[in-house]
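The lines below spell out each chain.
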Amino acid sequence: MMTSSYPDITQEAHVIEDKFFVLGNTTLDRGIRSISLEISNILIVVDASGIKERYPRRSGDKNNPTMITNADENIYMIAPRRFVKSGMATSELFSQNMVGDTIRWHITTESNNFDQSAILYDFKYYPEGIISSLDISTATKDCVQSSQTAESTNKNIPAVIRANCSYTMAEARANTPGRLQYFAHFGIFERSRKTGKYVLVGYFMWDPFLIVA
């Protein structure tokens, strides 16, 4: 009787699965166990007025931003539940992703960037290499907005108008498994009541976490 020298494929696949979905003592939720690569969107809402009040002596140097302590008081991060290990709606969102996933960060203020506007401009990673360098870009596309003057052809649908909207996002790719702490650098600008133009409030940073499997 001949015996096969080939490895047990079923057993090998099980080993690969364990390595793929278990990182140290942390097992990722079943919600993200998919072969397909995904885009993970993280929305950051900053309490710009509160940060301005808390830090009267704040940095005007983008290379030396003010570190925000007790950031839960003024920063809130949300993402689809399947990408969140812990910390939903806090400043310490623990995001979980798979190698090859794209991670996108979006930032806004309590006025939806109307009176105060926030921008992401840099990340510092520790350790480096787990995710790619940050790419910041702006996309313009068709969008809908509510309207009091437009007429709806369907009484069950609110009246809307179509417009061109611009969206700025910071994007990186998950490159290799590991746990990452990153320092997110952002600036806050405020609309002047005298001129109507935006002026710099200051540059800031804080340090959330991310895991890649």
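Residues numbered from 1 in each chain as written. Predicted model: local features only at pLDDT ≥ 70, side-chain atom pairs only at ≥ 80, totals over all residues. Heavy atoms only, no water.

Peer 1: Sorry if this is basic, but what is going on with the pattern of salt bridges here?
Peer 2: Once the charged atoms of two side chains with opposite charge are near each other, the side chains can pair. According to the stated counting rule, one finds seven salt bridges in the structure shown. In this structure, the salt-bridge partner of Arg82 is Glu38, at a minimum N-O distance of 2.8 Å. Remark: Glu38 occurs in the loop between strand E2 (26-27) and strand E3 (39-46) and Arg82 occurs in the loop between strand E5 (75-78) and strand E6 (84-86); sequence separation between them is 44 residues. The exposure class assigned to Arg82 is partly exposed, which follows from its relative accessible area of 36%. Residues Lys52 and Glu190 are paired through a salt bridge, measuring 2.6 Å at the closest nitrogen-oxygen approach. (Salt bridge = Lys/Arg side-chain N within 4 Å of Asp/Glu carboxyl O. Helix = DSSP H or I, 4+ residues; strand = E, 2+ residues; numbered from the N terminus. Buried < 20%, exposed > 50% of the residue type's maximum accessible area, 1.4 Å probe, protein only.)

Peer 1: What is the right way to read the state of the cysteines from this model?
Peer 2: Here a disulfide denotes one covalent bond, and it connects the sulfur atoms of two cysteines. Taken as a whole and judged by the stated rule, the model has one disulfide. Note on cysteine connectivity: Cys143 is disulfide-linked to Cys165, with sulfurs 1.8 Å apart. Where Cys143 bonds to Cys165 through sulfur, the torsion about that S-S bond is close to 40°, and the disulfide is right-handed. In this pair, Cys143 sits in strand E10 (residues 135-146) while Cys165 sits in strand E11 (residues 160-173), placing the two residues 22 residues apart along the sequence. Cys165 carries the same exposure label as Cys143, and that label is buried. (Disulfide = S-S within 2.5 Å.)

Peer 1: Can you walk me through unusual backbone geometry in this structure?
Peer 2: Glycine aside, residues mostly have negative phi angles, and peptide bonds mostly take the trans form. For the bond running from Tyr126 to Pro127, omega is -5°, close enough to zero to count as cis. Note on placement: Pro127 falls in the loop between strand E9 (116-126) and E10. A positive phi angle is found at Asn70, which is not glycine, with a value near 45°. Looking at the secondary structure, you find Asn70 in the loop between strand E4 (66-67) and E5. Phi is positive for Ala89, which is not a glycine, with a value near 65°.

Peer 1: Got a minute to help me understand the pairing of strand E13 (residues 198-206) in this structure?
Peer 2: Residues in a regular strand project their side chains so that they alternate between the two faces of the sheet. Alignment of E4 against E13, held across two bridges, turns out to be parallel. Residue Thr66 lies in a different strand from E13, and its bridge partner there is Phe204. Relative to E13, strand E12 (residues 178-191) runs antiparallel, the two sharing eight bridges. Pairing of Ile188 across the sheet is with Gly202, part of E13. Taking the residues that link successive antiparallel strands as the turn, the E12-E13 hairpin has six residues, and the phi of Gly196 there is positive, at about 80°. (Pairing = 2+ DSSP bridges.)

Peer 1: Mind showing me how you'd approach the sheet that holds strand E8 (residues 102-109) here?
Peer 2: Strand-to-strand pairing in sheets goes through backbone hydrogen bonds, with the strands running parallel or antiparallel. The strand order E5-E3-E8-E11-E10 describes an open sheet built from five strands, whose pairing is mixed. Of all strands in the sheet, those with a lone pairing partner are E5 and E10, marking the two edges. Within the sheet, the average angular offset between the axes of one strand and its neighbour, ignoring direction, is 30°. Sheet analysis places E8 next to E11, joined by four bridges and oriented antiparallel. Across the sheet, residue Thr102 finds its bridge partner in E11, namely Arg173. (Axes fitted to C-alpha atoms, helices over the stretch in contact; angles between N-to-C directions.)

Peer 1: Even after reading the chapter, I still don't get the nonpolar core, so can you show me in this structure?
Peer 2: What tends to happen in soluble globular proteins is that the nonpolar side chains get buried as a cluster. Judged by nonpolar contacts, the single largest core of 35 residues is most densely connected at Ile44, Ile75, Trp105, Leu120, Ile131, Tyr182 and Phe186. Residue contributions to this core peak at five residues, all from E12. Apart from residues lying up to four places away in sequence, Tyr182 is in contact with Met77, Trp105, Phe123, Lys124, Tyr125, Trp206, Asp207, Pro208, Phe209 and Leu210. (Core = buried A, V, L, I, M, F, W, Y, C linked by side-chain atoms within 4.5 Å. Contact = heavy atoms within 4.5 Å.)

Peer 1: Sorry if this is basic, but what is going on with the side chain of Ser111 here?
Peer 2: The topology assignment puts Ser111 in the loop between E8 and E9. At a separation of 3.2 Å, a polar atom in the side chain of Ser111 contacts the main-chain amide nitrogen of Gln116. (Polar contact = N/O pair within 3.5 Å; in protein donor to acceptor, adjacent residues only side chain to side chain.)

Peer 1: Is there a simple way to think about the packing of aromatic side chains in this case?
Peer 2: Aromatic ring pairs are defined here through the distance separating the ring centres and the angle between the ring planes. Taken as a whole, this structure holds 10 aromatic pairs when the rule is applied. Taken together, a centroid distance of 4.8 Å and an interplanar angle of 85° make the contact between Trp105 and Phe123 edge-to-face. A residue pair is termed long-range when its members are at least 10 positions apart, and Trp105 in strand E8 and Phe123 in strand E9 qualify at 18 residues. Arranged with centres 5.7 Å apart and planes meeting at 85°, the rings of Tyr126 and Phe183 form a pair that is edge-to-face. Within this pair, whereas Tyr126 is found in strand E9, its partner Phe183 is found in strand E12, the two being separated by 57 residues in sequence. Every member of this aromatic cluster is reached through a ring pair, and the members are Tyr55, Phe186, Phe204 and Trp206. (Phe/Tyr/Trp six-rings, centres within 6.5 Å; stacked < 30°, edge-to-face > 60°.)

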